[in-house]
Amino acid sequence: MRHYICLEEVEPIEIYGANNRILDAFCNYFPNLKVVARGKEIILEGTENQIEEFQIRMNQLLEVLNHKKNLTPYDVDEIFDGESSPLQFKLNGDAVIVHGTDGKPIKARNATQQEMVKAYFENDLVFAVGPAGTGKTYIAIALAVRALKNREIKRIILTRPAVEAGERLGFLPGDLKDKLDPYLQPLYDALGDMIPSKKLQELMSDGTIQIAPLAYMRGRTLDRACVILDEAQNTNLGQLKMFLTRMGANAKFIVTGDASQIDLPNKEDSGLLRGIRMLQGIKGISTIHFTNKDIVRHHLVSMIVKAFDNRKAAEENQNQTEQE
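Quantities reported herein were computed from a predicted structural model and do not represent experimental measurements. (Residues numbered from 1 in each chain as written. Predicted model: local features only at pLDDT ≥ 70, side-chain atom pairs only at ≥ 80, totals over all residues. Heavy atoms only, no water.)

A. Focus on the overall build of the chain. For the chain, the helix and strand inventory stands at 13 helices and eleven strands. The buried share among the 324 residues of the chain stands at 46%. Put simply, of all contacts in the chain between residues at least 6 apart along the chain, 69% involve residues at least 24 apart. (Helix = DSSP H or I, 4+ residues; strand = E, 2+ residues; numbered from the N terminus. Buried < 20%, exposed > 50% of the residue type's maximum accessible area, 1.4 Å probe, protein only. Contact = heavy atoms within 4.5 Å.)

This is the structure we're talking about:
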């Protein structure tokens, strides 16, 4: 059976890609279907079911093109993943965000993570707060890597306040970078799960991916970037304001933190929760609250967090009783 598809509303290169790399990636999913592209016309030869499936998937790819400037082979892979279409991805948060370096799909693992994914697409600033082990930072970095692969942004910037968790950076050997790298290691680890080592080194060398302490953000305007502030509970209100006001055109900002793990000398100085309350109700800003039930690490982590929370609550009750 022969069938013709005419691309009336798009330029062929937009859907075929340079050197037909998008079309070739698309056709790889139809090994038994003969496909010939001539200008705006695609000629198909195969069974009726194959041709019908090709048309459905091609329409999905055209819909993706309507929502972004440039297609990539990754868009093709995402359509055929069998999880959900890219457009549904924005609506329910339940789809492959990005594939790991081992080929394993990375996706939201619970309802709260799905809510975070949805919030990312519907807002330019997302706060994700909750206990350790809930995947806040991991999902944030996966969304950033996805956006970079899809050329929706031109760079990823990951930052943390340089506050020691009960330790002293000054006693670590080496220069400032050597001292800070171990502290920023969780960010390197997450990126390493999603981008091959050699490619990651290239992206960091040319500044496409930047990892730096929060103080290095001052004075910058960050446009067409996905910018993630991790461990935001260790920022004061002034630092949080400084970070948020770096937002430039076509930027996405994600702020993650755990208000139960403040490492500041005076815990009352933390500006995370105060900042969230101040910005509540502003259109384009969303806050996602994770709980102990959302922990996705080892099953013991949830019980550990619960035990510490119970101890803290008991101490607060005891202090209150003594004051009365």
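The discussion continues.
B. Inspection of the packing of helix 7 (residues 136-149) against helix 9 (residues 185-194) at higher detail. Running from N to C, helix 7 and helix 9 cross one another at 50°; their axes reach a closest spacing of 10 Å. Looking at the two axes, helix 7 sits oblique to helix 9. The crossing of helix 7 and helix 9 is right-handed. Contacts between helix 7 and helix 9 pair T137, Y138, I141, A142, V145 and K149 from the former with L187, A190, L191, D193 and M194 from the latter. The class makeup of the residues in the contact of helix 7 with helix 9 is eight nonpolar, one polar and two charged. (Axes fitted to C-alpha atoms, helices over the stretch in contact; angles between N-to-C directions. Parallel < 35°, antiparallel > 145°, perpendicular 65-115°, else oblique. Left-handed = near helix turned anticlockwise from the far one by under 90°. Nonpolar A, V, L, I, M, F, W, Y, C, P; charged D, E, K, R; others polar.)

C. Fine view of a nonpolar patch on the surface. Nonpolar side chains collect at one region of the surface, where L300, M303, I304 and F308 lie side by side and expose about 440 Å² of accessible area between them. Mapped onto the elements of the fold, I304 is located in helix 13 (residues 299-323). (Patch = residues over 30% accessible without salt bridge, like charges linked within 9 Å, V, L, I, M, F, W, Y side chains within 5 Å. Areas by Shrake-Rupley, 256 points an atom, 1.4 Å probe, with all protein chains shown as cover. Salt bridge = Lys/Arg side-chain N within 4 Å of Asp/Glu carboxyl O.)

D. Structural view of the nonpolar core. Residues I141 and L191 are the most contacted members of the largest nonpolar core, which totals 42 residues. Residue contributions to this core peak at nine residues, all from helix 7. For L191, the contacting residues outside a window of four places in its chain are I141, V145, L158, L200, I209 and I211. Within the second largest apolar cluster, 24 residues are counted, among which are I22, F26, C27 and L44. (Core = buried A, V, L, I, M, F, W, Y, C linked by side-chain atoms within 4.5 Å.)

E. Inspection of the pairing of strand 2 (residues 34-38) at higher detail. As paired elements, strand 2 and strand 3 (residues 41-45) share five bridges and run antiparallel to each other. The residue of strand 3 that forms the bridge with R38 is E41. With antiparallel pairing between neighbouring strands as the criterion, strand 2 and strand 3 make up a hairpin whose turn holds two residues, including G39 at a positive phi of roughly 60°. (Pairing = 2+ DSSP bridges.)

F. Looking closely at the pairing of strand 6 (residues 125-129). Most of strand 6 is tucked away: five of the five residues are buried. Of the two faces of strand 6, the one holding L125, F127 and V129 and the one holding V126 and A128 are both buried throughout. One ladder, built from five bridges, connects strand 6 with strand 10 (residues 252-257); its direction is parallel. Within strand 10, the residue paired with V129 across the bridge is G257.

G. Region of interest: the sheet that holds strand 2. Reading across from one edge, 1-3-2 is the order of the three strands in this open sheet, with antiparallel pairing throughout. What marks the edges here is a single partner per strand, and that holds for strand 1 (2-6) and strand 2. Neighbour-to-neighbour, the strand axes of this sheet turn through a mean angle of 20°, independent of strand direction. In this sheet, strand 3 lies alongside strand 1 in antiparallel orientation, the contact comprising five bridges. Each residue of the ladder has a partner; that of H3, found in strand 3, is L44.

H. Representation of helix 12 (residues 272-279) within the structure. Every buried residue of helix 12 is listed here: L272, G275, I276 and L279. One side of helix 12 carries all its buried residues, which in axial view fall inside an arc of 100°. Opposite the buried face of helix 12, at more than 90 degrees from it, the exposed residues are R277 and M278. Looking one or two places after helix 12, you find G281, whose phi comes out positive at around 95°. (Arc of directions from axis to C-beta.)

I. Representation of the packing of helix 6 (residues 111-122) against helix 7 within the structure. Contact geometry for helix 6 and helix 7: axes closest at 11 Å, N-to-C directions at 40°. Judged by the inter-axis angle, helix 6 sits oblique to helix 7. The element helix 6 and its partner helix 7 pack so that their crossing is right-handed. Facing helix 6, whose interface residues are Q113, M116, V117, Y120 and F121, helix 7 presents K136, I139, A140, L143, R146 and A147. Residues that form the contact of helix 6 with helix 7 fall into these classes: eight nonpolar, one polar and two charged.

Interpretation in functional terms is not warranted from these geometric data alone.
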